Every structure is written in structure tokens, then in C-alpha cells.
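Observations on the three-dimensional arrangement
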Number of protein chains: 2
Amino acid sequence: MDLPSIKVACSSCNLRELCLPMGLKADEMQKLDTIVSNRKRIKRGEALFSAGERFSSLFAVRSGFFKTRVTTPDGRDQVTGFQMTGEIIGLDGIVTDQHTCDAVALEDAEVCIMPFAKLEALSREFTSLQHHVHKIMSREIVRDQGVMMMLGSMRAEERLAAFLLNLVQRLHARGFSQSELVLRMTREEIGSYLGLKLETVSRTFSKFVDDGIIEVKQRYVMIKDNEALKAIVNLPNCD
Amino acid sequence: MDLPSIKVACSSCNLRELCLPMGLKADEMQKLDTIVSNRKRIKRGEALFSAGERFSSLFAVRSGFFKTRVTTPDGRDQVTGFQMTGEIIGLDGIVTDQHTCDAVALEDAEVCIMPFAKLEALSREFTSLQHHVHKIMSREIVRDQGVMMMLGSMRAEERLAAFLLNLVQRLHARGFSQSELVLRMTREEIGSYLGLKLETVSRTFSKFVDDGIIEVKQRYVMIKDNEALKAIVNLPNCD
DNA sequence: CGGAACATTGAGAGGGATCAATGGACGTGG
DNA sequence: CCACGTCCATTGATCCCTCTCAATGTTCCG
């Protein structure tokens, strides 16, 4: 029924300006094609990988939307990120050869499989690819700094404002609207990511609506006043 | 007066089992010596680098203790980590060629300077070094996941318990006691890292003392009941 | 010895959590 | 097409953990 894998080529992929091959020359991209040879489909709600599983490949999101989450021994879990088209998942597995988080599809999705050993071999050949891999990992580290900032020193409204701005910005880079978006995750998942309870997320959405900053209809969000959102993030004490 | 740099060799460094050269063969380590040629001293309170500065090198902590922190436009800052001997600082700078955080010495310190371009060049030669660099970056990503977990879903007591356990574990790996430590950072810095105010940190310390779990005398901490600390981290609702 | 930086402790306030009830959206099957 | 159940979202009332403001104490160092 659903094929386990599909032949694919980075060099003809419409995400090549966004994804791993970004900035590579044509011949380098063709080399990359030889190792990024398979795709995999993941149904909504299914895991691309889970904590504890052996690591062997990185994955590039080709379509769909993922969350990554870590779980404590006592069962609490924390969403650590949301990944969309062109973003890379699986970097956590490199250090111990085991994944330390789960990656779950929030809608039917497709990923390109990039065997990491082959990626390492190829980046020994191409300085540009090597540097690009380093940048991808560094970008993740910088992103994490931002999340820590958010979790450690922002209030509920600031967190949600920052979250929405980050989402539309990334969606806009993918050709979507700057002011409208459809959330692919529940209030609870947003809350977990932001270190808030789902009720607080809901209440904060409602407050933004009352303030005329956004319109919300379930998962659909329209940003009516981008500047107001930005002001919320940057001005902690609006007194 | 204080020399800007000092000749050094990984192959004869007593940290080689802990630091970047970990696991390299003798000849590989000698190659590494050729690029890790300089050290730098940083006085307590001074910055090794600051956000916005151009990135060119990674740094290995040879002695001393650092904090890294990010700052928002409106002036709040968030401590994102504490780095001790053998740990690598500066990975945040790779993605944009600019540092995105400050690295500040919490006591007089010395670092080895590792020019990143040279490190990349050498990683193209040695698979082992290449893989090791990848692991270091991945380890940082996994560490960040843990911090997010802490900030997003733990209470004050759990955060402080997790923090103390993490510190002694890392110190123990460096030959120090499993049950005693001297904090190199203030309550405020601990609080920033844990997403708490300094008063809350202080109160939580006092509570642990009352409960007979630790002894505290200013920066000195003795862990009297390691199991109790572990229990606090893992059992959110002890009812 | 005196001052600055850091830490402790108390009292009170507030932001978000918790508990609880209601309502809406969606998919499935009758 | 409607009925039903499930999942998700909203909203209210109350609680409590942490923050805030404030005073005091301690250590360190010039």
C-alpha cells in the first residue's frame, strides 16, 4: 500500500534553496543525491523515531509538520520544537548513537532520509557541505538558546507572542502569508513547548483577541496587528 | 604582564581524555596540536567573547569556570549554561559567523583557542576528529533539551535538585567529590539559569537544608542525601 | 574598619496552575 | 443526513507557587 521509500533527488527538489542542499553547487548537489536516496511517509500521529532508538540518519522534512519531545522517567514530557518543510530532524542522536527525543508527525508527512555516515563521508569531500552541516547544528543550538530565553524569562503573553511571530516568520519564508496561519498543533502542545498549561494558552489567545491583536478560529489565526505582537515580546513591563 | 597567548599541546595536556582530543590516536592528536596552538587567559568577570562579535574559533576550557548568557533587546538576560574544564564554548557562532551569546569567566580562567576553519580542515582529514566535532555539537543539543525540560515542566525544587546533581556529576567526572562542591556562580546566576529569582533559589536551598538533604555555607554545598535529591527530580508530586 | 557585593528571610501580591463545567469541531456509523 | 462519541477549546472560580518589595545579615576586600 504505502511504499516504504521513494526515489528522490535533491537537485530537482523544490526545497533545495531551503533544505540541506542550500548553497551547494550543481555538481555537489548531484553527489548529495547519491546519498539522499530515500523518502519515507509518516502518518499523522506516528513517530518518525523515538527516544532510545538507534540513530543512523538525519531526516529532512519534505512535507508535513513535526514536533519533537523529550520525556522524563516519571512520564512528564516537554515539546522541544516544531519542525516544518526543509528543516532537519535527528541531530540529537549523533552524540550517543541513540535518539534522545521522539519526533512525531502532526500531520501526514514525508521526509528525506540522509544516512549520517554517508553525509559525514561526503562532507569530508566538500568543504561547502561540511560547513553547511556545521551550520545546521549551530543553528539548532542558537534556536535552543532562544527557547531557553523564552522559558526562563518571559511571561505567558510574551511567550505566545514570540511563538506566533516565529511561526509566521518561518511560514513566510516558505511562501505563506505573513499574517495568517493554521496551527498544526493543539493548545496542549503549544503549552508544553512554551512551558504553560493549555488553559493558559487558550486564555492568552483570548486576551490577544480581546485586545484586537489577532483573530482566532480554532487552529486558524490571523495576525491583525503585527507591531503589537512585537511590542509584547520586547516590552516586558508595559506600565 | 599577562601574556596574550601561550604555546600548548593537546597531546601532553592532562585534559586530553576529557576535552576535544578525546579518543584520538597519538598521531591524530599531534596534528591537532598544530592548530590548537594558543591559549588565552581571562580574568574573573571578563568576557571571552560577547554577542555580536565575529566568530572565528571555538574555545576549550582549560581551567576556570564560565557562564554563557543571551540578552534580549530590552535588557533581560538568561544564563544558558555553565562550562567547566574540558568543555567547549563558542558553537553558537558557527551559523552566522557571529556569536549570539556572551561567555563570561566566573573565576580566573584559561582557554585553548581552536580556530574553527583549521578544525574543519583537519576534520576533513580525520574521520575520528570529524565525528568527534559532530558529537560535541550534538551533545550540546541534547543538553539544551534537558534545560528546556527543566525550564518548561519542573518546579523550583526539582530544578535546583537537577542542577545540583548535574554539577556534582560533572565535577566528579573531573576527579572532584561526589558529595561536595563549591558553587562558582551567584544565586542570581543560578536563578537565571533555572528560570527562578534569586530569592527563590535561596529559599529552596534553605528548604533542602531544613529537610536534611544538603548543607550549605554560602558557596559551599555538601550533599548529605543524594537519593533524596534524585527523588525530588523524578517524583513531581510526592503525595 | 567600612563599604560593596552577595545571601537570607519575611510579608504580601500576582500570575499561572488546577479543578471543573460547557461548548464546538470532526469523524464515524447508523 | 443526523446522532453520537471523541477530541479539543473555552471560560470560570479558586488556589498556590513564585515573584516582588523590603529589611537584615554575612563575607570579602580595599
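Structure: see above.
The paragraphs below set out a description of the structure included in this document. (Residues numbered from 1 in each chain as written. Chains lettered and ligands numbered in written order. Predicted model: local features only at pLDDT ≥ 70, side-chain atom pairs only at ≥ 80, totals over all residues. Heavy atoms only, no water.)

Looking now at the protein's contact with DNA strand D. Contacts to DNA strand D come from 18 residues, most closely from Ser202, Arg203 and Ser206 of chain A together with Ala156 and Thr200 of chain B. Backbone sugar and phosphate groups make up 65% of those atoms of DNA strand D lying within 4 Å of the protein. One of the side-chain nitrogen or oxygen atoms of arginine 187 of chain A is found 2.8 Å away from a phosphate oxygen of DNA strand D. At a separation of 2.5 Å, a phosphate oxygen of DNA strand D approaches a polar side-chain atom of serine 206 of chain A. Contributing elements (two or more residues each) for the surface near DNA strand D: helix 6 (198-210) of chain A together with helix 6 (198-210) of chain B. With five residues, the single largest contributor to the surface near DNA strand D is helix 6 of chain A. Grouping the constituent residues of the surface near DNA strand D by class yields three nonpolar, seven polar and eight charged. (Near = heavy atom within 4 Å. Polar contact = N/O pair within 3.5 Å; in protein donor to acceptor, adjacent residues only side chain to side chain. Helix = DSSP H or I, 4+ residues; strand = E, 2+ residues; numbered from the N terminus. Nonpolar A, V, L, I, M, F, W, Y, C, P; charged D, E, K, R; others polar.)

Residue and element names in this part refer to chain A. Under the counting rule described, the total for this entry stands at 12 aromatic pairs over all chains. Centroid distance phenylalanine 49 to phenylalanine 59: 5.9 Å. Interplanar angle 25 degrees. Geometry classified as stacked. With phenylalanine 49 in strand 2 (residues 47-49) and phenylalanine 59 in strand 3 (residues 57-71), this pair connects stretches of sequence that are 10 residues apart. Here phenylalanine 49 falls in the buried class, since its relative accessible area comes to 2%. Feature note: the residues Phe65, Phe82, Phe163 and Tyr193 constitute an aromatic cluster, connected by ring pairs. (Phe/Tyr/Trp six-rings, centres within 6.5 Å; stacked < 30°, edge-to-face > 60°. Buried < 20%, exposed > 50% of the residue type's maximum accessible area, 1.4 Å probe, protein only.)

With that out of the way, let us pick up the interface of chain B and chain A. A common way to express how large an interface is: the accessible area buried when the components associate. Facing the 46 residues of chain B at the interface are 46 residues of chain A. A buried area of about 4,300 Å², summed over both sides, lies between chain B and chain A, and 61% of it is on carbon and sulfur atoms. Contact with chain A buries area across many residues of chain B, yet Arg76, Arg124 and Met148 of chain B alone supply 16% of it, more than any other trio. Counting across the interface, chain B meets chain A through two salt bridges. Across the salt bridge formed by arginine 76 of chain A and glutamate 158 of chain B, the nearest N and O atoms sit 2.5 Å from each other. (Contact = heavy atoms within 4.5 Å. Buried area = accessible area lost by both parts, 1.4 Å probe. Salt bridge = Lys/Arg side-chain N within 4 Å of Asp/Glu carboxyl O.)

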